[in-house]
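Commentary on secondary and tertiary structure
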Amino acid sequence: MKTVSILGSTGSVGCATVDLIKELPDEYVVDSLTAHQNWQLLAEQAKVLKPRYVAVAKHEYYQPLKSALAGQNIQVASGEKAIIEAGAREVDLLMAAIVGSAGLLPTVAAIRQGTTVALANKECLVSSGEILIKELNKSKAKLLPVDSEHNAIFQVFETHNKSHLDRLILTASGGPFRDCTLEEMKEKSPTEALAHPNWNMGEKISIDSATMMNKGLEIIEAHYLFGVKEPVIDVLIHPQSIVHSLVSYSDGSVLAQLAQPDMKIPIAYTLSWPKRININMSRLDLAKVGLLEFYDPDVEKFPALRLARESINLGGSACLVLNAANEIAVAGFLAGKIRFTDIVTLVEKVLEKNIESAPKSIEEVILMDTEVRKFTESIVGA
Ligand SMILES: NC(=O)c1ccc[n+]([C@@H]2O[C@H](COP(=O)([O-])OP(=O)(O)OC[C@H]3O[C@@H](n4cnc5c(N)ncnc54)[C@H](OP(=O)(O)O)[C@@H]3O)[C@@H](O)[C@H]2O)c1
């Protein structure tokens, strides 16, 4: 039996992980579950999975959560430190599925503990990639990518043939506005931007998919996860979301992973790695899919791709700034304060004024991240 903790268990990735674990009671035992504020769902999950520890980030939900779990023999805690404590507990696998840079410290705690981390939270690798990789190299921890693209690459990347690597090719659905003009995108509402054609995801990543900042963040994520330079990473629009990414080698072979667009598949792979498990999933029927299309992205229409590449090449704190500014801009758009096309324009403005030398510690990452957020908030407005 593997002992597993799920940080962000009430989110889209978290719930998919909970569902898989519920299907496999003989394979996994749950140590910890955490949420930001959704204590009701957290309590429901805890009653079924019987973890040893649950934590909710917002202190005001401690009492209702504690009452809901009375008599269950589960330790209940609240606050940011309690979430970090969940990351630091000794387990075989930690699912890092908190959204945004709030996931950084608990993930670092898990890496320092030497835990194998299934990493969904791409933002923490984007904001502090070099530091996280150094932390990783100092411990016996491993990072298993949950993002479907990186999980696909992880499945077909022949590390022993790294010197023969030609390209990493990240596929992208293109999001809900793939076929819109820039003019049409200006007027898009949060509801329209949240309606992803292929994936059912949390709000932040759905908006990132619509701006294609998600793919930009994924370029940075791939750069750190697989230790490859930015120009080696390509993006290919693939509207059907069946081919999840590809690796091409210098002998002309291209290896790809194909699957239905369902996050349970990459999540299951990280849960069972290095083995595979049986999950309740309908088989991919390529004859039914029929057509698989691929084409180059329009970088004029989706400047987030350019910004992400520039951020890697600028170095210093650029990737951190890109990530923090984007989190605030997305929240501003969802709150109706800025237009859809302002998101990336704003990120570019913040990038122009805020790049410093690279943070040297996690503490410096937190300080810089806070500063960039404040700066971006001052532009987004009340
Ligand atoms: N969804 C996908 O299909 C998908 C695919 C690939 C990668 N990812 C990545 O996986 C991560 C999670 O995405 P998601 O779509 O599952 O997000 P989501 O549905 O918004 O869920 C986010 C989770 O994080 C918790 N959370 C939010 N802010 C927090 C804070 N300040 N402190 C502690 N916990 C906090 C939320 O708790 P509450 O529910 O209480 O708010 C929830 O459990 C993101 O980094 C995303 O980029 C997601």
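For the structure given in this document, a descriptive report is provided here. Being a predicted model, the structure only gives us computed values, none of them experimental. (Residues numbered from 1 in each chain as written. Predicted model: local features only at pLDDT ≥ 70, side-chain atom pairs only at ≥ 80, totals over all residues. Heavy atoms only, no water.)

**With respect to the packing of aromatic side chains**
To describe a pair of aromatic rings, you give the distance between the ring centres and the angle between the ring planes. What counts is decided by this rule: Centres within 6.5 Å make a pair out of two Phe, Tyr or Trp rings, where for Trp the six-membered ring is used; the pair is then stacked when the planes are under 30 degrees apart, edge-to-face when over 60, and tilted otherwise. For the purposes of this entry, the term helix denotes a DSSP run of H or I that reaches at least four residues, the term strand denotes a run of E that reaches at least two, and both are numbered from the N terminus. Note on classification: 1.4 Å probe, protein chains only; a residue is buried when its accessible area is under 20% of the maximum for its type, exposed when over 50%, partly exposed between these limits.
Taken as a whole, this structure holds 5 aromatic pairs when the rule is applied. Between phenylalanine 154 and tyrosine 269 the ring centres are 6.2 Å apart and the planes differ by 75 degrees, which places this aromatic pair in the edge-to-face class. Of this pair, phenylalanine 154 sits in helix 7 (residues 148-156) while tyrosine 269 sits in helix 12 (residues 264-272), placing them 115 residues apart in sequence. Here phenylalanine 154 falls in the partly exposed class, since its relative accessible area comes to 23%. An angle of 90 degrees between the planes, with centres 5.0 Å apart, marks the rings of phenylalanine 177 and phenylalanine 340 as edge-to-face. Of the two residues, phenylalanine 177 is situated in the loop between strand 8 (165-172) and helix 8 (182-186) and phenylalanine 340 in the loop between helix 15 (318-334) and helix 16 (342-354); the sequence distance between them amounts to 163 residues. Each member of the pair, phenylalanine 177 as well as phenylalanine 340, carries the same accessibility label: buried. Ring pairs connect the aromatic residues Phe154, Tyr269 and Trp273, which therefore count as one cluster.

**Structural notes on the pattern of salt bridges**
Basically, it comes down to this: Salt-bridge detection follows one rule: a side-chain nitrogen of Lys or Arg within 4 Å of a carboxyl oxygen of Asp or Glu.
Enumeration according to the criterion identifies 21 salt bridges in this entry. The partner of glutamate 348 in a salt bridge is arginine 306, with the nearest N and O atoms 3.1 Å apart. Placement of the pair is glutamate 348 in helix 16 and arginine 306 in helix 14 (residues 304-314), with a sequence separation of 42 residues. A relative accessible area of 24% places glutamate 348 in the partly exposed class. For arginine 306, a relative accessible area of 31% puts it in the partly exposed group. Notably, a salt bridge pairs aspartate 342 with arginine 339, separated by 4.0 Å at the nearest N-O pair. A relative accessible area of 41% means that arginine 339 is categorised as partly exposed.

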